[in-house]
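Topology and contacts: notes
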Amino acid sequence: SVTVWVNEMERMFHQKGMAGFTLRPGHAFLEIKGVLYNRTEVPQTFLWWANPAVAVNDYYQSVFPPDINAVFDHGKRAVSSFPIATGTYYKMDYSAGVDISNYKNIKVPTSYMAVNSRYNFEGGYENDTCAGMLHVANHHISPGKKQWTWGNGDFGRAWDRNLTDEDGPYIELMAGVYTENQPDFTWLQPYEEKSFVQYFLPYRELGVVKNASKDLLMNIEPEGEKEVRFKIFATSKQVVNVVLKSDDGKVYYSRQVTITPEELLNETVDVAGEKLNKLNLEITANGKELLYWHAEPDEVKPIPDAAEAALLPEEIKTTEQLYLTGLHLEQYRHATYNPVDYYEEALRRDPIDVRSNNALGLWYIRKGRFRKAEQYLLTAVKTLQKRNPNPYDGEPIYNLGLALKYQGRYNEAYDRFYKSCWNAAWQDAGYFACAQIATMQGRLEDALDEVDRSLIRNWHNHKARALKTTILRQMGKAEEALQVIEDSLAIDKFNFGCRYEKYLITNAAEDLLTLKTMMRGEAHNYDEIALDYCAAGCWTEAASLWNVAIAEDSVTPMTYYYLGWCLVQGKLSGAEQAFADAAGACPDYCFPNRLEAILALQCAMEQNPNDAKAPYYLGNLYYDKRQYDLALEAWETS
């Protein structure tokens, strides 16, 4: 087999995504392995939809599982029955009963997303060419089943001309992992990794698939008054046993057959007029069930309700619902409602409420207001520990550690982080934070113990793996460090921290060249890894990596601001020149948005007060984070 991996550390929320595209000999499918990793010390949300475009015409039909009876639009604002729409959907009157699984019947731009299916597939079928494409994935992880079209009308055809060359209209066949709607974000905790596998495969001649796996696809339909026809398609050579029988056990068909992508099984069977919903089709091999089909029950399932807009804070009755509404707005990144309004209303009614104080404290950490965050978190922790010195939930204690660390109060932060580790849910992030501070303070034995404890809780904490190699190298344990690097790169080839550590140990030019090639000239990639070193007080290593970026001309003004701040923090020479270079750098497309940028820019303003750009960038950063008073202050300084 052959796998191609792609990787990105994204700029807005500093998470990391990878996808591996695999083709396997003798298998007619594309396998996609996705890996998502939260590189940050705070919870983040994500949305993942695989989105191939499929050429369509009047004969194209959506293929949703047979248990789907309703579809939603974005945000579940509207709902329609499916496949026969009978109401108004996207302002279109379907009251006559219209089959919206058929592209030709959809005249306006339309999304529809299915929910609550027990099946692992979705796709589309061309009834003229008798060919289709299917997506297959574990529905417990990949519930999202969506199709989008610009519509089979003048407006849609105009967009088809804009967005394609000459091959006409298309639909987007979208498959969501850890999501069923858009927006429908899922949480990634600090340093958490989520992975999954999706399959896309071509098929032919089956019609509307009734059930499927990555290996086998089937359809069954009545044929005349007494017979049924079933078809089975295989994505690789399969020797299987196929049994068609009734609910009461009467066998109508039982045979061992060989099915290949080139030759599907196509059988007509006399079932003596037995109803389709009384039949079972079983496909097995070596006593193991490979695929099973039975018709859906006859009872009519109710159409689910559309979503309701959030109430205003003063209209909500309980502090719990205020907290949950605020959390929803954060999770879904709502564009107009502000979660702070809900948390603050909850605290107006109950000033010591733990969850809302914790939520506001974390909110202000994200916004770069560390002292303000500290006050809310102190209240949350005080309430939490009033009767329970060893509380059930360690998150407010961990968040208080973060607020203290960003203020440079490392000993206080270390104590809080360690206490958060008394709670299992926060041992991964808490021990890693302790290891960073211990490394910063030169307590390498403690740091090694703490990073190992973090890895026990989360074997795929890739930043902890890189830090462990740093600690081992500083302890003189080069061979052990190289083994950790080898093990880590086997899990994630794009662990740039481990790759730079390998170069620092071997001093081999080819190791540095490999790293630079994989960094692909992105200043952002260098910033991410150098800032990982800064978080553990490894100022020399961070400065050396930024100097590699400068030598490669992979820079933004922030490269020099970060470097200057790093040199000041590490009491190293060259900060004055770095800040001068930052002030003189072209400001085009410089959009600092991370918390470390606040520290670097504030340091630049102290070290080089004549630099007008540092407070300008800082004002932009605060404005982006909706801290308008701080933004105005910084801009006026500029």
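The following refers to the structure shown. Everything numeric in this text was worked out from a predicted model, so none of it was measured.

Under the counting rule described, the total for this entry stands at 31 aromatic pairs. On the numbers, 5.9 Å between centres and 80 degrees between planes, the contact of Phe-64 with Tyr-112 is edge-to-face. On the criterion of sequence distance, the pair formed by Phe-64 in the loop between strand E7 (60-63) and strand E8 (70-72) and Tyr-112 in strand E14 (residues 110-114) is long-range, its members being 48 residues apart. With a relative accessible area of 6%, Phe-64 lands in the buried category. We classify Tyr-112 as buried; its relative accessible area is 3%. Measuring from ring centre to ring centre gives 5.8 Å for Trp-539 and Trp-565, while their planes differ by 85 degrees; the resulting arrangement is edge-to-face. Within this pair, whereas Trp-539 is found in helix H15 (residues 539-551), its partner Trp-565 is found in helix H16 (residues 557-569), the two being separated by 26 residues in sequence. By relative accessible area, Trp-539 is classed as buried at 12%. Its end group placed over the ring of Phe-72, Lys-76 keeps NZ or CZ at 5.4 Å from the ring centre. For the cation-ring pair, Lys-419 lies above Trp-422, with the distance from its terminal atom to the ring centre recorded as 3.3 Å.

Covered by surrounding structure in strand E26 (residues 265-270) are Leu-265, Glu-267 and Val-269 only, the residues Asn-266, Thr-268 and Asp-270 on the alternate face being uncovered. As judged from the six bridges shared by strand E23 (residues 227-234) and E26, these two strands associate in the antiparallel manner. In the sheet register, Arg-229 faces E26, and the bridge partner there is Thr-268.

Turning our eyes to something else, we now look at the sheet that holds strand E28 (residues 288-294). Spatially, E25-E24-E27-E28 is the arrangement adopted by the four strands of the open sheet, whose pairing is antiparallel. In the strand order of this sheet, the two ends are held by strand E25 (251-259) and E28, each with one partner. Sheet twist, expressed as the mean angle between neighbouring strand axes with direction ignored, is 15 degrees. Pairing of strand E24 (residues 238-246) with strand E27 (residues 279-285) involves six bridges; the strand directions are antiparallel. Along E27, the bridge assignment pairs Leu-244 with Leu-281.

With that settled, the discussion passes to helix H18 (residues 595-607). For H18, spanning 13 residues, the distance from its first C-alpha to its last is 19 Å, which sits close to the expected 18 Å at 1.5 Å a residue. Inspection of H18 places Leu-595, Glu-596, Ala-597, Ile-598, Ala-600, Leu-601, Cys-603 and Ala-604 among the buried residues, and these make up the whole buried set.

Reading the values: rules and limits
- Counting from 1, residues in each chain are numbered in the order their sequence is written.
- Given that this is a predicted model, residues contribute local features only at a pLDDT of at least 70 and side-chain atom pairs are listed and counted only at 80 or more, while totals for whole chains, interfaces and linings are drawn from all residues.
- The basis for every side-chain value is the complete set of heavy atoms in the structure, and neither hydrogens nor water enter the calculation.
- The rule is short: rings of Phe, Tyr and Trp, with Trp giving its six-membered ring, pair when the centres are within 6.5 Å, and they are stacked under 30 degrees, edge-to-face over 60, tilted in between.
- Every helix listed is a DSSP run of H or I at least four residues long, and every strand listed is a run of E at least two residues long, numbered separately from the N terminus.
- For the exposure calls, accessible area comes from a 1.4 Å probe over protein chains only, and a residue counts as buried if that area is under 20% of its type's maximum, exposed if over 50%, partly exposed in between.
- For a Lys NZ or an Arg CZ to count as sitting over a ring, it must be within 6 Å of the ring centre and within 35 degrees of the ring normal.
- Should DSSP find at least two bridges between two strands, the strands are regarded as paired.
- Lines fitted to C-alpha atoms define the axes, with helix axes restricted to the stretch in contact, and inter-axis angles between N-to-C directions lie between 0 and 180 degrees.
- Expected helix span is given by 1.5 Å per residue-to-residue step, counting one fewer step than there are residues.

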